[in-house]
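# Per-entry structural report
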Amino acid sequence: MTVESSAARTSRRSAASKAGAAGTKAAGTRRRTGAKKGADPELVQLLTPEGERVKNAEYDKYVAGITAEELRGLYRDMVLTRRFDAEATALQRQGELGLWASLLGQEAAQIGSGRATREDDYVFPTYREHGVAWCRGVDPTNLLGMFRGVNNGGWDPNSNNFHLYTIVIGSQALHATGYAMGVAKDGADSAVIAYFGDGASSQGDVAEAFTFSAVYNAPVVFFCQNNQWAISEPTEKQMRVPLYQRAAGFGFPGVRVDGNDVLACLAVTKWALERARNGEGPTLVEAFTYRMGAHTTSDDPTRYRGDEERLAWEAKDPILRLRRHLEAANHADEGFFAELETESEALGRRVREAVRAMPDPDLFAIFENVYADGHALVDEERAQFAAYQASFADAEGV
């Protein structure tokens, strides 16, 4: 089940009947249900919000061999990612970070897709892919330096094949496409995955990336986390067809997956990455999920959306969903959950201590590296800023 506005459903009716004919045979199969007039787009789901396993003839094979231990691992990934995210949000509120973009509610989309990647795949994130970073082996504390203002990234992208966070909206889709084109020319069988949100899908950079990836048959997966809100703009004001159907216009398949179902996200991403490695070109995966919190810590979501919508999505919480499945299948006991809670709190303490041990940002670093040989205007601005900072010291000495 999904929660969507009546406006979004109405806008899809005219397009839904035409969508099944476009794209590849596989894409058409996925859209058969949505091709009926007035029907909602088909959503790939393997776990219901109640934690019940749903059979899917097309995607079951990608998770057929998953073990109880691996399921517990996915649950652990989501819990620890959420705990890290909560600690980072608290640190920003305490003045330790300048800004933070929370992933609350999007853990399944990120952990499921992140665990689908191979070590030799390359990932291009936005600034919210904390769960994917976790899957790629990036230490959580390394994500925070940029948000504290003490570095321009925090990790070596080539050590984990995980690019630095991209703040410019949508540009990473082009970076990923170019990298994927290079991978193809090198003859490697690795794949590339680019993450972006529903708002970024309205950017010209993303459309250009779709064009180039299709024309050059690039081994890239475009993974869009549709969390329903581009800051304060709902999806029905951004597009007139379901987001995943945009891929058909560029000549490659798109699929919508339940973004709160970690098992479905794992299966669909594995399928898409396998297509890329086999030389079948790009895929657009729309993870239909919800941003539980604010866009960033500078945002107030209560100004543009109601509590009813948030409460409806909280009932489909990705972590609670997998816990219900683990308990029903007797794959985890109370000892496992208690031990994980202890580990979660330890992670929170480690992150908090690491951030507070970081140096204060260099206030004058913003004036460096603007011009190679210096510039009179920058020198003037630096002097004005220095005088401004000195005025605080004078006031304290009074």
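Residues numbered from 1 in each chain as written. Predicted model: local features only at pLDDT ≥ 70, side-chain atom pairs only at ≥ 80, totals over all residues. Heavy atoms only, no water.

## A closer look at empty space enclosed by the protein
A probe matching the size of a water molecule, rolled over the atoms, marks out where space remains unfilled. Our working rule: Here a cavity denotes grid points, spaced 1 Å and computed from the protein atoms alone, that fit a 1.4 Å probe unable to get out, and a pocket denotes an open set having protein on both sides within 12 Å along at least 5 of 7 lines; residues with an atom within 4 Å of a point are the lining. Grid points are joined across faces, edges and corners, and a volume is the space filled by probe spheres set on the points. For the purposes of this entry, the term helix denotes a DSSP run of H or I that reaches at least four residues, the term strand denotes a run of E that reaches at least two, and both are numbered from the N terminus.
Inspection of every chain in the model, using the stated rule, returns one cavity of 30 Å³ or more. Roughly 30 Å³ of internal volume is contained in the largest cavity. Taken together, T81, F84, H130, W134, V138, P140 and L143 make up the lining of the largest cavity. Listed by contribution, the elements that provide at least two residues to the lining of the largest cavity are α3 (68-93) and α5 (130-135).

## Some thoughts on the packing of α3 against helix α14 (residues 334-357)
Basically, it comes down to this: Here an angle of 0 to 180 degrees is reported between the N-to-C directions of two axes, which are lines fitted to C-alpha atoms, with helices fitted over the stretch in contact. Handedness of a crossing is defined here by the sense of rotation of the near helix relative to the far one, left-handed for an anticlockwise turn of less than a right angle and right-handed for a clockwise turn. Note on definitions: a residue-residue contact is assigned when non-hydrogen atoms from the two residues lie within 4.5 Å. Three classes are used: nonpolar for Ala, Val, Leu, Ile, Met, Phe, Trp, Tyr, Cys and Pro, charged for Asp, Glu, Lys and Arg, and polar for all others, with Gly counted as polar.
In contact at an axis separation of 9 Å, α3 and α14 are set at 35° when each is read in the N-to-C sense. As α3 runs across α14, the sense of the crossing is right-handed. In contact with R72, Y75, R76, V79, L80, R83, F84, E87 and L91 of α3, α14 contributes F336, F337, L340, E343, S344, E345, L347, G348, V351, R352, V355 and R356. Among the residues making up the contact of α3 with α14, the classes are represented as eleven nonpolar, two polar and eight charged.

## Examining helix α8 (residues 171-186)
Put simply, the test is: To estimate the expected span of a helix, count its residues, drop one, and scale the result by 1.5 Å. Partly exposed residues are those whose accessible area sits between 20% and 50% of the maximum for their type, while under 20% is buried and over 50% is exposed, using a 1.4 Å probe and protein chains only.
If you check α8, its first and last C-alpha atoms are 23 Å apart, about what 16 residues at 1.5 Å a residue would give, namely 22 Å. The complete set of buried residues in α8 reads S171, Q172, A173, A176, T177, A180, M181 and V183. At its buried positions, α8 is contacted by β1 (122-124), β2 (192-197), α9 (204-215) and β3 (220-226). Positioned one or two residues after α8, G187 has a phi angle of 80°, which is positive.

## A look at the environment of R277
Mapping R277 onto the fold places it in helix α11 (residues 262-277). In this structure the C-alpha to C-alpha distance between R277 and A184, which are 93 residues apart in sequence, comes to 9.2 Å. If near-sequence neighbours (up to four positions away) are discounted, R277 is found in contact with A116, R118, D121, D189, S190 and A191.

## What to know about the nonpolar core
The tendency in soluble globular proteins is for nonpolar side chains to be buried side by side. Let me state the cut-off plainly: Think of a nonpolar core as a cluster: buried Ala, Val, Leu, Ile, Met, Phe, Trp, Tyr and Cys residues, connected wherever their side-chain atoms sit within 4.5 Å.
Ranked by size, the top nonpolar core spans 66 residues in total, and within it Y75, L144 and L322 carry the most contacts. A per-element tally of this core places α11 first, with eleven residues. Not counting chain neighbours up to four residues away, the residues in contact with L322 comprise L47, L71, L74, Y75, M78 and V262. The next biggest cluster of nonpolar side chains, apart from the first, holds 23 residues, and it includes V183, A200, F222 and F252.

## Brief notes about the side chain of Q110
Put simply, the rule is: Polar contacts, as counted here, are pairs of nitrogen or oxygen atoms within 3.5 Å of one another; within protein the pair requires one atom able to donate a hydrogen and one able to accept it, and residues that are adjacent in sequence qualify only if both atoms are side-chain atoms.
Mapped onto the elements, Q110 comes out in helix α4 (residues 107-116). We classify Q110 as buried; its relative accessible area is 0%. A distance of 3.3 Å separates a polar atom in the side chain of Q110 from a polar atom in the side chain of Q225. Once residues within four sequence positions are removed from consideration, Q110 is found in contact with L103, R128, E129, H130, G131, V132, C135 and Q225.

## Some words on the pairing of β3
Quick reminder of the rule: Any two strands with at least two DSSP bridges between them are considered paired.
The buried fraction of β3 is high, at seven of seven residues. Burial along β3 is two-sided: V220, F222, C224 and N226 and V221, F223 and Q225, pointing in opposite directions, are all buried. Here β2 pairs with β3 via six bridges, running parallel. Opposite G197, over in β3, you have Q225 as the bridge partner. In this sheet, strand β7 (residues 283-288) lies alongside β3 in parallel orientation, the contact comprising six bridges. Following the sheet pairing, Q225 is matched in β7 by A287.

## With respect to the pattern of salt bridges
Note on pairing: side chains with opposite charge can pair once their charged atoms come close. The criterion, for reference: Should a side-chain nitrogen of Lys or Arg be within 4 Å of a carboxyl oxygen of Asp or Glu, the pair is scored as a salt bridge.
For the coordinates displayed, the defined rule picks out 25 salt bridges. Across the salt bridge formed by R350 and D139, the nearest N and O atoms sit 3.2 Å from each other. Taken together, the positions of R350 in helix α14 and D139 in the loop between α5 and α6 (145-148) put the pair 211 residues apart, joining distant regions of the chain. The salt bridge partner of E368 is R382, with a shortest N-O separation of 3.9 Å. Of the two residues, E368 is situated in the loop between α14 and α15 (376-397) and R382 in helix α15; the sequence distance between them amounts to 14 residues. Residue R382 is classed as partly exposed on the basis of its relative accessible area, which comes to 24%.

## Quick word on the confidence of the model for the protein chain
Heads up, the condition is: Confidence scores per residue from the predictor, reported as pLDDT, run from 0 to 100.
Per-residue confidence for the protein chain gives a mean pLDDT of 90; residues scoring 70 or more make up 89%. In this model residues 1-38 is a low-confidence stretch, pLDDT under 50, and it forms 67 contacts with partners more than four residues away in sequence or in other chains.

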